[in-house]
Amino acid sequence: MENEVLHMSRVTYKTEDRVLLQDFELSVLEGEILGILPLNGYGLKAFLELIKENLPLYFGQVFYEKKLVNSWKDMHRITNDITVIEDVSSLVAGQDILSNIYMIGKGSDQYFIREQELEKKLRPFLEDIGFEISPYTKAEALTAFERVMVEILRAVISGHRLIVLHEISSFIGEWQMVRLYEIMNHYVKQGFSFIFISGHVEELKGVCHRTALMSNGKILKILDREEMDRHLLKIYKEGAGNVPLANKIEGTKTISKNQDGPVLEIRNMTGQILQGLELRVARGEYLVIKAKDNRAFEELRRYVLGKSSPKEGAFYLNGKKVDLTQTRDVAVIKERADETMIFPRMSYMDNLMLTADHRIKNLWSSPSIARSIKRELKDELGEHIFEKKVENLSQKNKITLVYYRVLMQRPKVAICILPFKDADIRLRARIMDMHHKLLKKGIAVVTLTMNITDTMLLADRVLELDKNKLTELKIEEGQDYGEKL
Amino acid sequence: MKIKKGIKQIFEIRGMGATLTAFVGLIVIYVAFGILNPKVFSGQNVLNLLRSMSKYLLIGIGQSYVMITGNIDLSIGSVVAMSAMLTATLMTLGVSPLAAMLISLICGLLIGVVNGVLVGKFRLPPFIATLGTMFVARGIGYMVNGNRNTDNIGIKLGKDVADKFQNFFYYDKTLGVYNTFWISLVIFIVFFVLLSRTRTGRHIYAIGSNVDAARLSGVNVISTTIKTYLVSAFCSVVVGFILCAQAGMGNMEAGNTYEMYGVAAGVIGGVSPLGGSGLLLGTFAGAAVWQTLENGLNMIGAQVGIQRIVIGVIVVFAVLADAVLRNRKQ
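Please read these numbers as outputs of a predicted model, since none were measured by experiment. (Residues numbered from 1 in each chain as written. Chains lettered and ligands numbered in written order. Predicted model: local features only at pLDDT ≥ 70, side-chain atom pairs only at ≥ 80, totals over all residues. Heavy atoms only, no water.)

1. A word on the interface of chain A and chain B
Alright, step 1. Chain A puts 30 residues into the contact, and the matching count from chain B is 28 residues.
Alright, step 2. Approximately 2400 Å² of surface area, both sides summed, lies buried where chain A meets chain B, with 48% of it carried by carbon and sulfur atoms.
Alright, step 3. Viewed at the interface, chain B and chain A are joined by three salt bridges.
Alright, step 4. With a closest N to O distance of 2.9 Å, Arg 202 of chain B and Asp 350 of chain A form a salt bridge.
Alright, step 5. Where chain A meets chain B, there are 11 residue pairs in polar contact (both at pLDDT 80 or more).
Alright, step 6. The residue inventory of the side of chain A that touches chain B, partitioned by class, reads 10 nonpolar, nine polar and 11 charged. (Contact = heavy atoms within 4.5 Å. Buried area = accessible area lost by both parts, 1.4 Å probe. Salt bridge = Lys/Arg side-chain N within 4 Å of Asp/Glu carboxyl O. Polar contact = N/O pair within 3.5 Å; in protein donor to acceptor, adjacent residues only side chain to side chain. Nonpolar A, V, L, I, M, F, W, Y, C, P; charged D, E, K, R; others polar.)

Okay, here's the thing in structure tokens:
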């Protein structure tokens, strides 16, 4: 226990009806980057809440900085000085970096704001990691990477010895990840510790000293660096093994791609970052757009979601200008589709059929149509799922529902934004399976992503989005599924 | 077995639980008041009840449509007043009832469009947007007759025409029941079918359930939002006609706080103020509960203050139940 910053001993945590963590054993050493590879997402949220909030335990003990902070025997309910960095910002919008670090965080005990003094305090920390930014930048003006950096700085300045990074690569680009690793290693040398949670093996291999495999709220195994190469891919494959992905995926690239002309185009799209962006999507193709520049990616995402319009240029469908959100010929699926694309207060069938009413006459007035759809899909979706409440479905079933809605909609193009965000291995395989189904129906799939590894099995083309151009990346044929992952 | 399955299917309809609860509540309240004062059960009282609840039912339909999208319409009461004042003023000027109603309807629907555009297109908070139109509509209601109530609507049209108008909307009966109830029932059936059996209806629920996902699924959020405010405005205008017919004149204060009656009717019947769920059948029950309470408390001689308190408590409990149920599900 000597050098442990966090130690969880046989922790069992349960809510009213579910055991979320069971016999959970984990320790994080001082100056260590510990990876967690969740084979499924079960219990992960509870783990993050528990280490920070000291939720009441059913059994076990938690030590933080060598002090017992939580025990099944008694409840302390103090919060631990641990920073968790996720895709949702914890910075206060409208406040600048200085205020967020020193006035809102625990960085300073000053009551009155003396900005120059605070700036003097902050400057060495910025220089220490070579991070150039105005301390007066407002939180909402920060890029995703800058925001992560500010949150790390706030943690360091506030004296949080443990920083948790959760699925960071789902919202910051590849070269920024490299920079992040450098900074993590810099702080590791100063004795800070990190928990790095990622569903991508290659990320964990690159940065973590040890990696814990987590499944169903349990730590299955902890592997050190040497063991990682030997074991991870095997376990990873086993994790995804029950999903009928690998065999179905075979032959995907033989699906006919009609090359008559583009079905979807971006012509001369110009905005704040994007300058004259051009893109052509062929019928039935699987196109991956990978972000190199985060701001350009975010801008394109906003245009796809219809949240803002470019200064110039537009999307064109079959040569005609189109608003992507107002045509049934294009389906847009947002990240975390199980939360963002579900209508929780509508029935399963209403969710399923919502965008099919342009194809099926009298869909809403004739109950026999719904019955026949149920009959048709019961083998694929399960006989009893139609009667279940949508909000009670599993993450996988919710995702399946969203994609089946799109399949029933029969668009010409499906645009999937960060489809693998926060998805565990099994869910990622399921999503790929759904993408494959779309392709089989002749629907072109455009995936906007930060990380291309999941999409490589299906991708016809991979384009890297920089400020004003899309560069095609070469796809190597014949690579093994496991190797690519 | 089939009956059991059928009952199960009915209960599985979203919002049906709350609707049935409201109907059971209605029966309990009605019987309880009937025991306290048997006159509650009299045929004439039942007819009066049906007529009086019609106004709340119409207001409730409009407000429920808006609430299912997760919005609110505070301008309902003012549109009622505007409609009543415009119709009455025009009739006192000798304009035929049909033309007067048509002009009032157009003005009312315009308010609905403005509400819908402000909320749907410009994304103004519905509370603020409809608060503004509430004042505007009430202001128009005041101004049309120079800041005073109108004279009798038959002053220029003659007694016969005025009577026809009043009888059609308020005093005449068809098949032994007041026309007011039949009018509201027809409107209820039309909007019930629109909400439960059409594409527009599903889009309304989709917006209330997850507006972002609805937009990404190709639902035209702006036009659907406008449609809901149009329904609300239409119902308010009809209530304006009914109030005008009832009094035989236009009253500037007509429809005061009716928007809240609409909220109450919807909420008691299980329409969630957070959007996405609720059945118009529940609104029917909610309006009936509201009117039965008012009627019953009157019949047993309860003070107006007591009536208000009882109704207020019931509304709060209905919303509380909705919130608790949602939290439990989460």
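2. Structural notes on the nonpolar core
Alright, step 1. Counting 171 residues, the largest nonpolar core has Leu 300 and Leu 352 of chain A together with Ile 61 of chain B as the members making the most contacts within it.
Alright, step 2. Once residues lying within four places of it in the same chain are set aside, the contact partners of Leu 352 of chain A are Ile 373, Leu 377, Phe 386, Leu 401, Tyr 404, Arg 405 and Met 408 of chain A.
Alright, step 3. Membership of the second largest hydrophobic core comes to 50 residues, among which are Ala 155, Ile 157, Ile 163 and Ile 168 of chain A. (Core = buried A, V, L, I, M, F, W, Y, C linked by side-chain atoms within 4.5 Å. Buried < 20%, exposed > 50% of the residue type's maximum accessible area, 1.4 Å probe, protein only.)

3. Quick word on the sheet that holds strand β10 (residues 218-224) of chain A
All names here are of chain A.
Alright, step 1. The six strands are arranged β6-β7-β8-β3-β9-β10 in an open sheet whose pairing can be described as mixed. At either margin of the open sheet sits one strand with a lone partner, and together these are β6 (82-85) and β10. For this sheet, the mean angle separating the axes of adjacent strands, direction not counted, is 20°.
Alright, step 2. In this sheet, strand β7 (residues 162-166) lies alongside β6 in parallel orientation, the contact comprising four bridges. Within β7, the position partnered with Val 84 by the bridge is Val 164. (Pairing = 2+ DSSP bridges. Helix = DSSP H or I, 4+ residues; strand = E, 2+ residues; numbered from the N terminus. Axes fitted to C-alpha atoms, helices over the stretch in contact; angles between N-to-C directions.)

4. Side note on the sheet that holds strand β13 (residues 286-291) of chain A
All names here are of chain A.
Alright, step 1. If you walk across this open sheet you meet the six strands as β16-β17-β18-β13-β19-β20, and the pairing is mixed. In this open sheet, the two strands that pair with only one neighbour each are β16 (330-333) and β20 (470-473). This sheet shows a mean twist of 20° between the axes of neighbouring strands, independent of strand direction.
Alright, step 2. Where β13 meets strand β19 (residues 461-465), five bridges bridge the pair, whose relative direction is parallel. Its bridge partner lying in β19, Val 288 is registered against Val 462.

5. Notes on the pairing of strand β5 (residues 67-71) of chain A
Alright, step 1. Summarising the sheet, strand β4 (residues 59-64) of chain A and β5 of chain A pair through four bridges and their orientation is antiparallel. Bridge pairing in β5 of chain A links Val 62 of chain A to Asn 70 of chain A.

6. Description of helix α2 (residues 16-36) of chain B
Residues and elements named next belong to chain B.
Alright, step 1. When the terminal C-alpha atoms of α2 are compared, their 30 Å separation across 21 residues agrees well with the 30 Å that a helix rising 1.5 Å per residue should span.
Alright, step 2. Burial in α2 covers these residues: Met 16, Thr 19, Ala 22, Leu 26, Ile 29, Tyr 30, Phe 33 and Gly 34. Around the axis of α2, the buried residues are gathered within 150° of arc, so they sit on the same side. α2 presents Thr 21, Val 24, Ile 27, Val 28, Ile 35 and Leu 36 as exposed residues on the side facing more than 90 degrees away from its buried surface. (Expected span 1.5 Å × (residues − 1). Arc of directions from axis to C-beta.)

7. Looking at the pattern of salt bridges
Alright, step 1. A full pass over the atoms with the stated rule returns 23 salt bridges over all chains.
Alright, step 2. Close ionic contact of Arg 147 of chain A with Glu 151 of chain A constitutes a salt bridge, the shortest N to O distance being 2.7 Å. A residue pair is termed a helical-turn pair when its members lie 3 or 4 positions apart in one helix, as Arg 147 of chain A and Glu 151 of chain A do in helix α4 (residues 144-157) at four residues. Pair check on accessibility: Arg 147 of chain A and Glu 151 of chain A agree, each one buried.
Alright, step 3. Note that Asp 212 of chain B and Lys 334 of chain A form a salt bridge whose closest N and O atoms lie 3.7 Å from each other. Here Lys 334 of chain A lies in the loop between β16 and α10 (337-340) and Asp 212 of chain B lies in helix α11 (residues 211-216), a pairing that spans two chains.
Alright, step 4. Residues participating in the shared-partner salt-bridge network are Asp 87, Arg 336, Lys 421 and Asp 422 of chain A.

8. Some words on the side chain of Thr 225 of chain B
Residues and elements named next belong to chain B.
Alright, step 1. Within the fold, Thr 225 resides in helix α12 (residues 221-247).
Alright, step 2. Here the side chain of Thr 225 touches Val 221 through a polar contact of 2.5 Å, landing on its backbone oxygen.
Alright, step 3. Contacts of Thr 225, omitting those with residues within four sequence positions, involve Asn 71, Gly 116, Val 119, Gly 120 and Ile 207.

9. What about unusual backbone geometry?
Residues and elements named next belong to chain A.
Alright, step 1. With phi around 55°, Asn 362 is a residue other than glycine that occupies positive phi space.
Alright, step 2. Within the secondary structure, Asn 362 sits in the loop between α11 (348-353) and α12 (367-381).
Alright, step 3. When its relative accessible area of 46% is taken as the criterion, Asn 362 is described as partly exposed.

10. Overview of helix α14 (residues 280-299) of chain B
Note on helix geometry: an α-helix contains 3.6 residues per turn, so any two residues three or four positions apart are oriented the same way.
Residue and element names in this part refer to chain B.
Alright, step 1. End to end, α14 covers 28 Å across 20 residues, agreeing with the expected 28 Å (1.5 Å per residue, within 8%).
Alright, step 2. Most of α14 sits inside the fold, with 17 of its 20 residues counted as buried.
Alright, step 3. Gly 301 sits one or two residues past α14 and shows a positive phi near 80°.

11. Focus on the side chain of Lys 334 of chain A
Alright, step 1. Taking the relative accessible area as the measure of exposure, Lys 334 of chain A reaches 10% and is therefore buried.
Alright, step 2. Not counting chain neighbours up to four residues away, the residues in contact with Lys 334 of chain A comprise Arg 301, Leu 305, Lys 307, Thr 340, Met 341 and Ile 417 of chain A together with Asp 212 and Leu 216 of chain B.

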